[in-house]
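# Structural overview
If you want the building blocks of each chain, they are given just below.
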Amino acid sequence: MGGKGWRGKRKNRGKGSAAQEERQEQSDGEEDGGSARKQARKAEPARNDIWREAGSWELVNEAYEAYYQRQKICSEEEWPKLLQALRSGLPVAIRINRMRLGSPLLSKRLHEMKQICSGDEAREQFAPVRLSWFAHDLAWHWPGLERRTVKKNKQNAQLKTYLMNRERSGLISRQEVVSMIPPLFLSVEPHHMVLDLCAAPGSKTSQILEIMHWPQDAENSAPPQGLVLANELQWKRANMLAHQVQRLGSPCAAVVNMDAQFFPDLWEKVPGEESRPLRFDRILCDVPCSGDGTMRKTPYIWKSWTLRDGISLHIRQLGILYRGLDMLKVGGRLVYSTCSLNPVEDEAVIAAALHRHGDAVALLPPPDLDGLCAANGLERWVIQDPSGGAFYESYDDVPKELREGKCKLLASMFPPVGEGAAGIGSSVQKHCRRFLPHLMDTGGFFVAVLEKRAELRPSAKARREDKRVQIQASKAAQQQEGAAPGSAEKSSEGTKASDADGQSSAVVSGTGSENSQAMTNSVTQQTIASTSAPQGLKGITKEYVKLGEDMWIEIRDFYGLDPAVRSRMVQRNGSDQRVFLLSEGGERLLASEAKMPTRMVLCGVIALEK
């Protein structure tokens, strides 16, 4: 294998340079080299996508309308406007990728397009509008053009070709307007370790990566050293996600295939010290949801929506949020978002997390972005019988038969009660944001920003595991000293029972300095115990390995590389065709350990290939 056999990945591969941008301007509307493929697709049998035609659906659902009117998600005066917006098509929107060389020229072209088309009745619909709350003139939409219209109307063929050419080169991403908001609320910095727990199809992950590179693009400074770890449960979607982020050419990207509810604890080795938890500075929980805020682009939801949709997803959404808070660094920020308007999926999940974790977690006011318009969260909401019956204001009102079964009602679905409930409700109402479709001509969305202010009380599972390890260690120590082996177990069981009794009395009473102090001491001890590394840790992945000595020497000598970069160059296990470059955050990730290896789809960017 000769050194010349390795070639670097072209830095601007797929990037739209200024010259390319001008050539594309001249060729808009002309048939390109892919015309044969287009004709072949036309000859294929029609796909079953009738749901894309809004005209084929009756945009009415009495149960949906009655439910949300009862929730009072907007005033009576606004309700007709909200329904009208939901029954109309969704405008076209794009986000410009600042990492591409043609981005300044494209921004200039869009400004010119706006000036030319504004005021001309025949071309007014083609006038793009800049989203003022998105920095650097990178986000635009066409209020007069629906997504379906651009795809199917021949009158819009030139605009369609214009956008497709730039999307193909990676210069733009087509992304719904409200979908751009959660990454902005994260306030990502270039050095941050970021976890996107439910990342597919990848538009938000790509946006976070682009934001991480903004200072480098603007100031020509050093590349970012952080990491964006994107997770997806489904294998096919995880590969699609990897393809999406790989187009950006960032060494800060990694993709894994895991269940977000059970994302493993990661541990990193520290020279001269015990392993410590690897926590993240920022976490995005854009959780799976019923999607009833997306009716403008998926009108079939008008027909398919039921009360069971949100109720059945509540416990999964809560589990993902809890896991995200576990993985978050103290002082870190987590953004929880859904494309649903249902309080069971929105405010109820946030309130339950605040109620569970107390002062360790707090809601933050969202960033003040110019022109961003949203409604506040709900302080009170009601839960309806899944069969469409009565509404219940508290869990105490729920009959026994609805507390059991597959679609049962849970206490966490209702507004919190008891000590601190009023403060939680007020905070949820003040700091959560509902992006209603009629306010900015968008889809429906819910966003909340949480900050972790202290270590969380370990889960019941973690406490049981810690107790088991302590019993085994105590048994081993006493056996070495010749003590009776049964005494340790009995002593541990007695301690466990007394701890449980003390905790339950403190929770029930909620008063008394002795109980409060006992609870605090117990939680502190459990937190300290839970931060010690468990036994049997393994490398986080088997898919990526360090470069072999011979390969590194050959590449180093041919390209004259700094020896310090070796630790950030890896290859896939069993393949020597490609070399991947990692950021410092990616290097930390691959050096970390977990009890079970993760299924890693991508880590870093392809730097060299044969």
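Residues numbered from 1 in each chain as written. Predicted model: local features only at pLDDT ≥ 70, side-chain atom pairs only at ≥ 80, totals over all residues. Heavy atoms only, no water.

## Points about the overall build of the chain
Counting its regular elements, the chain contains 20 helices and 25 strands. Split into buried and exposed, the 610 residues of the chain put 48% on the buried side. Nonlocal contacts in the chain, meaning residues at least 24 apart in sequence, comprise 77% of its contacts between residues at least 6 apart. Counting every atom, the chain has about 29800 Å² of accessible surface; 49% of that belongs to carbon and sulfur. (Helix = DSSP H or I, 4+ residues; strand = E, 2+ residues; numbered from the N terminus. Buried < 20%, exposed > 50% of the residue type's maximum accessible area, 1.4 Å probe, protein only. Contact = heavy atoms within 4.5 Å. Areas by Shrake-Rupley, 256 points an atom, 1.4 Å probe, with all protein chains shown as cover.)

## Quick look at the sheet that holds strand 2 (residues 91-96)
Taking strand neighbours across the sheet as the criterion, the 4 strands line up as 3-4-2-5 in an open arrangement whose pairing is antiparallel. Strands at the two margins of the open sheet, each flanked by one partner only, are strand 3 (129-130) and strand 5 (172-174). Sheet analysis places strand 2 next to strand 4 (residues 139-146), joined by 5 bridges and oriented antiparallel. The residue of strand 4 that forms the bridge with Val92 is Trp142. Taken strand by strand, helix 7 (residues 157-168) contacts strand 2, strand 4 and strand 5, and its axis lies near 115 degrees from that of strand 5. (Pairing = 2+ DSSP bridges. Axes fitted to C-alpha atoms, helices over the stretch in contact; angles between N-to-C directions.)

## Looking at the pattern of salt bridges
Inspection of the entire model under this criterion finds 26 salt bridges. Notably, a salt bridge pairs Arg95 with Glu210, separated by 2.9 Å at the nearest N-O pair. Of this pair, Arg95 sits in strand 2 while Glu210 sits in helix 9 (residues 203-219); the two residues are 115 residues apart in sequence, bridging distant segments of the chain. Classification of Glu210 as buried rests on a relative accessible area of 3%. (Salt bridge = Lys/Arg side-chain N within 4 Å of Asp/Glu carboxyl O.)

## Things to note about the pairing of strand 18 (residues 445-452)
The buried fraction of strand 18 is high, at 7 of 8 residues. Bridge analysis of strand 13 (residues 361-364) against strand 18 gives 4 bridges, and the strand direction is antiparallel. Residue pairing for strand 18: Leu363 is matched across the bridge by Leu450. Note that strand 17 (residues 433-435) and strand 18 share 3 bridges and pair antiparallel. What sits directly across from Arg433, in strand 18, is Val447.

## So, the confidence of the model for the chain
On average, residues of the chain carry a pLDDT of 84, and 81% of them reach 70 or more. The low-confidence segment residues 10-52 (pLDDT under 50) makes 43 contacts with residues lying over four places distant or belonging to another chain. Confidence drops under a pLDDT of 50 for residues 484-526, and excluding neighbours within four residues, the segment shows 28 contacts in the predicted structure. (pLDDT = per-residue confidence, 0-100.)

## A few points about unusual backbone geometry
With an omega of 10 degrees, the peptide bond running from Ala200 to Pro201 counts as cis. Within the secondary structure layout, Pro201 lies in the loop between strand 6 (193-196) and helix 9. Within the chain, His136 stands out as a residue other than glycine whose phi angle is a positive 65 degrees. Summarising the element assignment, His136 is placed in the loop between strand 3 and strand 4. Take His136: its relative accessible area is 42%, and that puts it in the partly exposed class.

## Quick word on the pairing of strand 25 (residues 605-609)
By the criterion of burial, strand 25 is predominantly enclosed, with 4 of the 5 residues buried. Pairing analysis gives 4 bridges linking strand 22 (residues 578-581) to strand 25, with the strands arranged antiparallel. In the sheet register, Leu581 faces strand 25, and the bridge partner there is Val605.

## Some thoughts on the side chain of Glu176
Structurally, Glu176 can be placed in the loop between strand 5 and helix 8 (181-186). A distance of 3.4 Å separates the side chain of Glu176 from the backbone nitrogen of Gly443, its partner in a polar contact. Not counting the four nearest positions on each side in its chain, Glu176 is found in contact with Leu90, Lys297 and Gly443. (Polar contact = N/O pair within 3.5 Å; in protein donor to acceptor, adjacent residues only side chain to side chain.)

## Some points on the side chain of Thr205
Position of Thr205 relative to the elements: it lies in helix 9. Among residues more than four places away in sequence, those in contact with Thr205 are Asp196, Ala199, Val228, Ala230, Leu241 and Val245.

## Details of the packing of aromatic side chains
Within this structure, the stated rule accounts for 13 aromatic pairs. Ring geometry for Tyr67 versus Phe391: centroids 6.5 Å apart, planes at 20 degrees, classification stacked. Linking Tyr67 in helix 3 (residues 62-71) with Phe391 in strand 16 (residues 391-392), this pair joins segments that are 324 residues apart in sequence. By relative accessible area, Tyr67 is classed as buried at 3%. A network of ring pairs unites the aromatic residues Tyr64, Tyr67, Tyr68, Trp302, Trp305 and Phe391 as a single cluster. One Lys or Arg, Arg356, reaches over the ring of Tyr322 and ends 4.2 Å from the middle of that ring. Here Arg599 stacks its cationic end above the ring of Trp235, 3.8 Å away from the centre of that ring. (Phe/Tyr/Trp six-rings, centres within 6.5 Å; stacked < 30°, edge-to-face > 60°. Lys NZ or Arg CZ within 6 Å of the ring centre and 35° of its normal.)

## A few points about helix 19 (residues 549-559)
Taken together, the buried positions of helix 19 are occupied by Met551, Trp552, Glu554 and Ile555. Buried residues of helix 19, viewed axially, fall in a sector of 165 degrees; they line one side. Those residues of helix 19 that are exposed and aimed more than 90 degrees away from the buried face are Asp550 and Asp557. Where helix 19 is buried, its residues touch strand 21 (569-572), strand 22 and strand 25. (Arc of directions from axis to C-beta.)

## Some words on helix 10 (residues 235-246)
Helix length check: helix 10 (12 residues) gives 16 Å between terminal C-alpha atoms against 16 Å at 1.5 Å per residue, within 8%. Within helix 10, burial applies to Ala238, Leu241, Ala242 and Val245. The buried residues of helix 10 occupy one face: seen down the axis, they fall within an arc of 100 degrees. Facing away from the buried surface of helix 10 by more than 90 degrees, the exposed residues are Lys236 and His243. Tucked into the core, helix 10 has its buried residues touching helix 9, strand 7 (227-231), strand 8 (253-256) and strand 24 (600-603). (Expected span 1.5 Å × (residues − 1).)

## Focus on the packing of helix 12 (residues 308-327) against helix 13 (residues 347-357)
Viewed as axis vectors pointing N to C, helix 12 and helix 13 meet at an angle of 45 degrees, and their least axial separation amounts to 10 Å. Judged on the interaxial angle alone, helix 13 and helix 12 are oblique. Regarding helix 12 and helix 13, the two cross each other, and that crossing is right-handed. Residues His314, Gln317, Leu318, Leu321, Tyr322 and Leu325 of helix 12 form the contact with helix 13, whose participating residues are Ala348, Val349, Ile350, Ala352, Ala353, Arg356 and His357. Considered class by class, the residues forming the contact of helix 12 with helix 13 number 9 nonpolar, 3 polar and 1 charged. (Parallel < 35°, antiparallel > 145°, perpendicular 65-115°, else oblique. Left-handed = near helix turned anticlockwise from the far one by under 90°. Nonpolar A, V, L, I, M, F, W, Y, C, P; charged D, E, K, R; others polar.)

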